[in-house]
Amino acid sequence: MTTVVLVDDEPMVRSGLRMILESVPDLRVVGEAGDGAEAVALVRAVRPDVVCMDVRMPGVDGIRATELLLALEPPPKVLVVTTFSSDDHVFEALRVGAAGFLLKRASAEEVVNAVRAVAAGDQLLYPEAVRELALRQLRPRPDPHAFALTAREAEVLALMAQGLSNAEIAASLVLGLETVRTHVAKVLAKLGARDRTQAVVVAYTRGLVGLPPS
Amino acid sequence: MTAAGGAVPGSRVRRILLRTAFLLAGAALCLAFLLLQTGLVQVVRQSGVAPLWVAVPVVVAPVLLLGLLPGVREVEVAAARSLLGVRAELVTPDHLRAEHRWRCAVWVSLHVVVGGVAGAALVVGLPGLVTEAPALVAGRRPGWWPGPGAPGALLGLLLVVLGTALVVAAVVMAGAAMARWAPWFLGPTWRDRLLLAEDRLAREAQHQRLARELHDGIGHALSLISLQAVAGRRVVGVEPARAEASLQVIEQTARSALDELDAMLGSLRDGPVPRRPAPGVADLERLVATHRALGLQLETELDPELGSTALPGLVSSTVHQVAAEALANAARYGPGGPVRLRVGLAGEPHRRRVGVEVTSRAAGGAQPRRTGGRGLRGMAERVDVLGGTMTAGPDGHGRWAVAVELPVPESS
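Residues numbered from 1 in each chain as written. Chains lettered and ligands numbered in written order. Predicted model: local features only at pLDDT ≥ 70, side-chain atom pairs only at ≥ 80, totals over all residues. Heavy atoms only, no water.

Quick look at the sheet that holds strand β5 (residues 100-103) of chain A
Residue and element names in this part refer to chain A. The sheet built from five strands is open, its strands ordered β2-β1-β3-β4-β5 with parallel pairing. For this open sheet the edge positions go to β2 (27-33) and β5, each flanked by a neighbour on one side alone. The sheet shows a mean angle of 25° between the axes of neighbouring strands, direction not considered. Relative to β2, helix α1 (residues 11-21) is tilted by about 165°, and along the sheet it contacts β1 (2-7) and β2. (Pairing = 2+ DSSP bridges. Helix = DSSP H or I, 4+ residues; strand = E, 2+ residues; numbered from the N terminus. Axes fitted to C-alpha atoms, helices over the stretch in contact; angles between N-to-C directions. Contact = heavy atoms within 4.5 Å.)

Right under this line is the structure:
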């Protein structure tokens, strides 16, 4: 069972998400908050696995709230919920450590899958959109050797950026699943990333993968 | 035929011909002035009432003044575009400032002089060479030849060819030079660019407001509708009551979003919202009142003469901007004694200057931070463009002072 807290200043967004998430047996909404400050108090009290967080809110906004939540021990996974994928706030939230993001216009399956994927932490959501967001930011200074990744680890990171799961990476590189897990863990450790989304964000901002040459 | 591209030989010839036409137009004007000069010289010489040199300023002055006549700039801009093939931006402002006027006058003089020289080379020089050619090639000695004997047939031919090439090259280069100089004389001045940039900023701000309204209003409503529809469909089988509630949310959200869209489209349809002029000196009182209402302890000294003096819009708005920026900085550094704002006129009647001075606590030596690229530096650039001076720093009494002085153009 995965427990979820919903944070959005619009109650109708919260009620919609609640109805969708509670329609499947493995997800349970354990609380709702209307702004960032309320969210931090609530999460401290109920300790959910996942927080669905609106980025644009009055008062303490989603980015600041994400930072505060990730400072808790143990930190919840934060899934950013947004109206537009091109919103710069989304990338900001990913940069401070959100585990992924979800569009408010997503289908029920996408909503449920997004929460499950974030809880499991084994897949990057919307790899294309993450790439677009990274491209909108300031041009990174490419520094492919910054983190002393091995050739294999760089390869694994590139596939993570494409949104492949561990199993898919294993199949693609003809490696065992355990080996891939080890590589992923090493990449996260070397990049100082809390999860694969953050690793990919770091990879884009430091020019480790796939940005066209400036 | 393509436009002057350079690569196609045909277009190159065409461009050279058009530019030569531009020079010949200048030559025609030059000829008119020369006729005037000749006539005057004769009159002066015969009557003997004035020294001969009087004829020179009497003819030079009209050449310079020609560029000041209404409509001449328009004609020159049109000629520069169509004949010289200038692609850079050229402007014909509705309100000509001194800068526009003198640049245009110099340009017209240049057109007349360069055109006159080029025309003389083409109309007198080339035919001269042609008439001398048979004699030179035949090996006879022309009167101007410095050497004792005749130059010889081969050397004569060479002289004719070289002379022709020289005249043609000079005319082509003169045309190219005029095309190159035109933007400086007829293009936008720095002040024009500043106004243009401000115009663009205002339009950008309007776009941003529209984008924000679309994002916050319509975008929000549509995503809410989508989300509630997804949710309602998910529960309609098991919890019809909740599904109905979703439908209600969808109905209300859609309706209010349409109302909002209606209002937005209405305002767009009414055409561009008349641009509010940038706040100026007349709005200083309101600026002061706003800061006082926000709790800033503010002492002011506003020159009463300001109310009766018509400052150009750009000077007036810069004064307001400087005051607003400096007061915002002062407010940011919090309490620490009163802030003083002084705005006043100084200088003799024809060289007036308007000054703005804001002094505030020096914030423990900390300098006011630049605000989004439009802080102190943006202010300094703008002041510089207007020919003013700006200082910012400790005033020697432990306080921070920002002082700006701007010249007030005489025409105002």
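From this point, things continue past the structure.
Brief notes about the interface of chain A and chain B
Taken together, the contact pairs 23 residues of chain A with 16 residues of chain B. Across the interface of chain A and chain B, roughly 1,600 Å² is buried in total on both sides, 66% from carbon and sulfur atoms. Contact with chain B buries surface across chain A, with A:Met12, A:Met19 and A:Lys104 losing the most and accounting together for 34% of the total. One can count one salt bridge joining chain A with chain B. A salt bridge links B:Arg234 to A:Glu109; the shortest N-O distance between them is 3.1 Å. At the boundary of chain A with chain B, the tally comes to five residue pairs in polar contact (both at pLDDT 80 or more). For the side of chain A that touches chain B, the elements supplying multiple residues, two or more each, are α1 and α5 (108-120) of chain A. In terms of residues, the side of chain A that touches chain B owes the most to one element, α1(A), which gives eight residues. Of the residues contributing to the side of chain A that touches chain B, the split by class is 10 nonpolar, five polar and eight charged. (Buried area = accessible area lost by both parts, 1.4 Å probe. Salt bridge = Lys/Arg side-chain N within 4 Å of Asp/Glu carboxyl O. Polar contact = N/O pair within 3.5 Å; in protein donor to acceptor, adjacent residues only side chain to side chain. Nonpolar A, V, L, I, M, F, W, Y, C, P; charged D, E, K, R; others polar.)

Things to note about unusual backbone geometry
Residues and elements named next belong to chain A. Of the consecutive residues glutamate 73 and proline 74, the connecting peptide bond is found in the cis state with omega at -5°. Tracing the chain through its elements places proline 74 in the loop between α3 (62-70) and β4 (77-82). One non-glycine residue, arginine 47, lies in positive phi territory at about 50°. Note that arginine 47 resides in the loop between α2 (36-46) and β3 (50-54). In the Ramachandran plot, valine 174 falls in the positive-phi region, its phi being about 55° despite a non-glycine side chain. Summarising the element assignment, valine 174 is placed in the loop between α8 (166-173) and α9 (177-191).

With respect to the side chain of A:Asn166
Residues and elements named next belong to chain A. Following the sequence through the fold, asparagine 166 ends up in helix α8. There is a polar contact of 2.8 Å between the side chain of asparagine 166 and the side chain of arginine 196. Look past the residues within four positions of asparagine 166 in its chain and what remains in contact with it is Asp122, Leu177, Val180, Arg181, Val184 and Arg196.

Examining a negative patch on the surface
Residues and elements named next belong to chain B. Where like charges cluster on the molecular surface, the negative patch consists of Glu213, Asp216, Asp259, Glu260 and Asp262. Of all elements in the fold, only α6 (190-235) and α7 (240-269) reach the threshold of two or more residues within the negative patch. Considering every element that reaches the negative patch, the biggest residue donor is α7, with three residues. Inspection of the secondary structure assignment puts glutamate 213 in helix α6. A residue is classified by how much of its surface remains accessible, and glutamate 213, at 34% relative accessible area, is partly exposed. (Patch = residues over 30% accessible without salt bridge, like charges linked within 9 Å, V, L, I, M, F, W, Y side chains within 5 Å. Areas by Shrake-Rupley, 256 points an atom, 1.4 Å probe, with all protein chains shown as cover. Lys, Arg positive; Asp, Glu negative; His and termini not counted. Charge placed at Lys NZ, Arg CZ, Asp CG, Glu CD. Buried < 20%, exposed > 50% of the residue type's maximum accessible area, 1.4 Å probe, protein only.)

Focus: helix α4 (residues 98-137) of chain B
Working note: α-helix, 3.6 residues per turn, so residues spaced by three or four point in the same direction. Residues and elements named next belong to chain B. Here α4 spans 56 Å end to end across 40 residues, near enough to the 58 Å set by a 1.5 Å rise per residue. At threonine 131, α4 shows its strongest bend, of approximately 30°, with the proline proline 134 following within four residues. Directly beyond the C-terminal end of α4, a positive phi value near 90° is found at glycine 139. (Expected span 1.5 Å × (residues − 1). Bend = angle between axes of the 7 residues up to and from the residue.)

A short note on the environment of A:Val13
With respect to the helices and strands, the residue A:Val13 is situated in helix α1. Counting along the chain gives 91 residues from A:Val13 to A:Lys104, while the straight-line C-alpha distance between them is 8.2 Å. In this structure, A:Val13 is in contact with A:Asp8, A:Lys104, B:Leu224 and B:Leu227, ignoring residues within four places of it in sequence.

Considerations on the side chain of A:Arg14
All names here are of chain A. Residue placement: arginine 14 occurs in helix α1. Relative accessible area serves as the criterion here: at 14%, arginine 14 is assigned to the buried category. Of the polar contacts made by the side chain of arginine 14, one reaches the backbone oxygen of aspartate 8; its length is 2.6 Å. Sequence-distant contacts of arginine 14, that is, excluding residues within four places in its chain, are made with Leu6, Asp8, Asp9, Glu32, Ala33 and Gly34.

Quick look at the packing of aromatic side chains
By the definition in use, this model includes five aromatic pairs over all chains. Consider the rings of A:Phe101 and A:Tyr126, whose centres lie 5.6 Å apart with planes at 40°: the pair is tilted. Of this pair, A:Phe101 sits in strand β5 while A:Tyr126 sits in the loop between α5 and α6 (127-136), and the two are 25 residues apart along the sequence. For A:Phe101, a relative accessible area of 1% puts it in the buried group. In textbook terms, an aromatic cluster arises when at least three aromatic residues are bridged by ring pairs, as seen for B:Phe22, B:Trp102, B:Trp107, B:Trp184 and B:Phe185. (Phe/Tyr/Trp six-rings, centres within 6.5 Å; stacked < 30°, edge-to-face > 60°.)

Section: the nonpolar core
Counting 54 residues, the largest nonpolar core has A:Leu157, A:Met160 and A:Leu191 as its most contacted members. Summarising the domain contributions, this core has at least three residues from each of domain 1 (2-121) and domain 2 (142-205) of chain A. Setting aside its immediate chain neighbours within four residues, A:Met160 contacts A:Leu124, A:Ile169, A:Val184, A:Leu188, A:Arg196, A:Ala199 and A:Val200. In terms of nonpolar packing, the next biggest core, distinct from the first, is built from 32 residues, B:Leu284, B:Leu306, B:Leu386 and B:Val402 among them. (Core = buried A, V, L, I, M, F, W, Y, C linked by side-chain atoms within 4.5 Å. Domains from an automatic or database assignment.)

Observations concerning the packing of α9(A) against helix α10 (residues 196-205) of chain A
All names here are of chain A. It is at 10 Å that the axes of α9 and α10 come closest, and there the two elements cross at 55°. Between α9 and α10, the interaxial angle falls into the category oblique. In the packing of α9 onto α10, the handedness of the crossing is left-handed. Residues Val184, Leu188 and Leu191 of α9 pack against Arg196, Ala199 and Val202 of α10. (Parallel < 35°, antiparallel > 145°, perpendicular 65-115°, else oblique. Left-handed = near helix turned anticlockwise from the far one by under 90°.)

As for the environment of A:Thr205
Residue and element names in this part refer to chain A. Mapped onto the elements of the fold, threonine 205 is located in helix α10. By relative accessible area, threonine 205 is classed as partly exposed at 24%. Separated by 71 residues in the primary sequence, threonine 205 and alanine 134 have C-alpha atoms spaced 6.7 Å apart. Within the structure, threonine 205 has its side chain in polar contact with the backbone oxygen of valine 202 (distance 3.1 Å).

Section: the sheet that holds strand β3 (residues 353-361) of chain B
All names here are of chain B. Across the sheet, five strands lie side by side as β1-β2-β3-β5-β4; this open sheet has mixed pairing. In the strand order of this sheet, the two ends are held by β1 (298-302) and β4 (389-394), each with one partner. When the angles between neighbouring strand axes are averaged without regard to direction, this sheet yields 10°. Across five bridges, the pairing between β1 and strand β2 (residues 339-346) is parallel. Bridge pairing in β2 links glutamate 301 to arginine 342.

All quantities given are derived from atomic positions and should not be read as evidence of function.
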